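So you can see what is in the structure, the chains are spelled out below.
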Amino acid sequence: MNFIDTHCHLLLKQFDEDRKEMLKKANEELDLLIEIGINVESSKRVVDFIKDEEKIFGAVGIHPTESQDLKETDLDEIKELAGRPKIVAVGEIGLDFHWETNKQDQYKSLDAQLDIAKEMGLPVVFHIRDAYDEAYNFLQKKGLQEIKGVVHCFSSDWETAQKFLNLGLYLGFDGPITYPKNNKLREVVEKTPVDRILPETDSPFLPPVPYRGKRNNPTYVKYVYEKISEIKGIDVETLKEITKSNVEKLFFNRG
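Rules behind the numbers
- Residues numbered from 1 in each chain as written.
- Predicted model: local features only at pLDDT ≥ 70, side-chain atom pairs only at ≥ 80, totals over all residues.
- Heavy atoms only, no water.
- UniProt positions renumbered as here; feature names shortened; annotations may be inferred.
- Buried < 20%, exposed > 50% of the residue type's maximum accessible area, 1.4 Å probe, protein only.
- Contact = heavy atoms within 4.5 Å.
- Polar contact = N/O pair within 3.5 Å; in protein donor to acceptor, adjacent residues only side chain to side chain.
- Helix = DSSP H or I, 4+ residues; strand = E, 2+ residues; numbered from the N terminus.
- Phe/Tyr/Trp six-rings, centres within 6.5 Å; stacked < 30°, edge-to-face > 60°.
- Lys NZ or Arg CZ within 6 Å of the ring centre and 35° of its normal.
- Patch = residues over 30% accessible without salt bridge, like charges linked within 9 Å, V, L, I, M, F, W, Y side chains within 5 Å.
- Areas by Shrake-Rupley, 256 points an atom, 1.4 Å probe, with all protein chains shown as cover.
- Salt bridge = Lys/Arg side-chain N within 4 Å of Asp/Glu carboxyl O.
- Lys, Arg positive; Asp, Glu negative; His and termini not counted.
- Charge placed at Lys NZ, Arg CZ, Asp CG, Glu CD.
- Core = buried A, V, L, I, M, F, W, Y, C linked by side-chain atoms within 4.5 Å.

Draft legend 1. Geometry of the UniProt feature "binding site: a divalent metal cation 1" (unreviewed entry) in the chain. Within this structure's numbering, the places UniProt gives as "binding site: a divalent metal cation 1" (unreviewed entry) are His7, His9, Glu92 and Asp202. Across 196 residues of sequence, these annotated residues stay compact in space, with a maximum C-alpha separation of 11.1 Å. Given the relative accessible area of 0%, His7 is considered buried. If we ignore the near neighbours within four places in the chain, the residues touching His7 are Ile34, Ile36, Glu92, Val125, His152, Glu200, Thr201, Asp202 and Ser203. A distance of 3.2 Å separates the side chain of His7 from the side chain of His9, its partner in a polar contact. Structurally, Asp202 can be placed in the loop between strand S8 (197-199) and helix H8 (221-232). With a relative accessible area of 9%, Asp202 lands in the buried category.

Here it is as structure tokens:
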């Protein structure tokens, strides 16, 4: 069994010069990867990109930092795209207060896309940055009884992690769990049930050690697996089996 990367962006410009070669390598070393949309245009590209790629599935959505001046037609397009073949989630969507000040636009976008996910029966890929309390309070108020999802690239502490786990969500972990000073995040991995963990790369961003500072790619997800295995005290092959089960439950089980 090979690895699975549950979150990547192979369509971004960082792969323009060698996308074909990168795809070949990913197909050789991975069993499955999920290409994530960040706005209407990129989501359209995701749909087109994955249709002829046996191992690649997709998510469509409007990233919080892309939510300014959101139009009703944008949401209509995301809803239509969400019904296309091989689309397994709505995302990435959420709240990002790191640079942005358009908080009301972000809340509106998140709310509308949660409704789309619910209506389409799809799970959600959440992007949350410097807004964990706000996102948790919003999701708790909104109610997630009929929505499954993953908090992509989780980066907060165990107290915060517990809140999202209690909402029934999975946690995605990326290259930062391999960074020497990131003990707080490794504590979260240690305490999170392994059946609620999803390894990711977020390629081309957040490369793991030993590639920190370089472009990330989906095949580097093996370093994330290795670190999770080390932290959890289980072998990599066992983690592969558990990850496969987690992916099937979240992205492919429509029950």
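Draft legend 2. View of the UniProt feature "binding site: a divalent metal cation 2" (unreviewed entry) in the chain. As annotated by UniProt and renumbered to match this structure, "binding site: a divalent metal cation 2" (unreviewed entry) occupies His127 and His152. In summary, the annotated positions, though distributed over 26 residues, converge in three dimensions, the widest C-alpha pair being only 5.7 Å. Since its relative accessible area comes to 13%, His127 is described here as buried. What His127 contacts, discounting residues up to four positions off in sequence, is His63, Pro64, Glu92, Ile93, Gly94, Leu95, Asp96 and His152. A polar atom in the side chain of His127 sits 3.0 Å from the side chain of Glu92. On the basis of relative accessibility, which here comes to 3%, the residue His152 falls in the buried class. Contact partners of His152, with chain neighbours within four places excluded, come to His7, Glu92, Val125, Phe126, His127, Gly172, Asp174, Glu200 and Asp202.

Draft legend 3. Highlighting the packing of aromatic side chains. One pass over the structure, following the stated rule, counts eleven aromatic pairs. When the centroid spacing of 6.1 Å and the interplanar angle of 65° are considered together, the rings of Phe97 and Tyr107 count as edge-to-face. Of the two residues, Phe97 is situated in the loop between strand S4 (87-96) and helix H4 (103-120) and Tyr107 in helix H4; the sequence distance between them amounts to ten residues. Taking relative accessible area as the criterion, Tyr107 reaches 21% and is therefore assigned partly exposed. When the centroid spacing of 6.5 Å and the interplanar angle of 75° are considered together, the rings of Phe154 and Phe173 count as edge-to-face. Linking Phe154 in the loop between strand S6 (149-152) and helix H6 (158-166) with Phe173 in strand S7 (residues 170-173), this pair joins segments that are 19 residues apart in sequence. According to the relative accessible area criterion, Phe173 is buried, its value standing at 0%. In this structure, Lys86 packs its charged tip against the face of Phe57, placed 5.0 Å from the ring centre.

Draft legend 4. Highlighting a negative patch on the surface. Side chains of Asp130, Asp133, Glu134 and Glu159 sit close together on the surface and give a patch of like negative charge. Locating Asp130 in the fold gives a position in the loop between strand S5 (124-129) and helix H5 (132-142).

Draft legend 5. Representation of the nonpolar core within the structure. By size, the foremost hydrophobic cluster in this structure holds 79 residues, and its most contacted members are Leu114, Phe154, Phe164, Leu171, Phe173 and Phe251. The element contributing the most residues to this core is S4, with six residues. Setting aside anything within four residues of it in sequence, one finds Phe164 in contact with Ile128, Tyr132, Ala135, Tyr136, Leu139, Val151, Phe154, Leu169 and Leu171.

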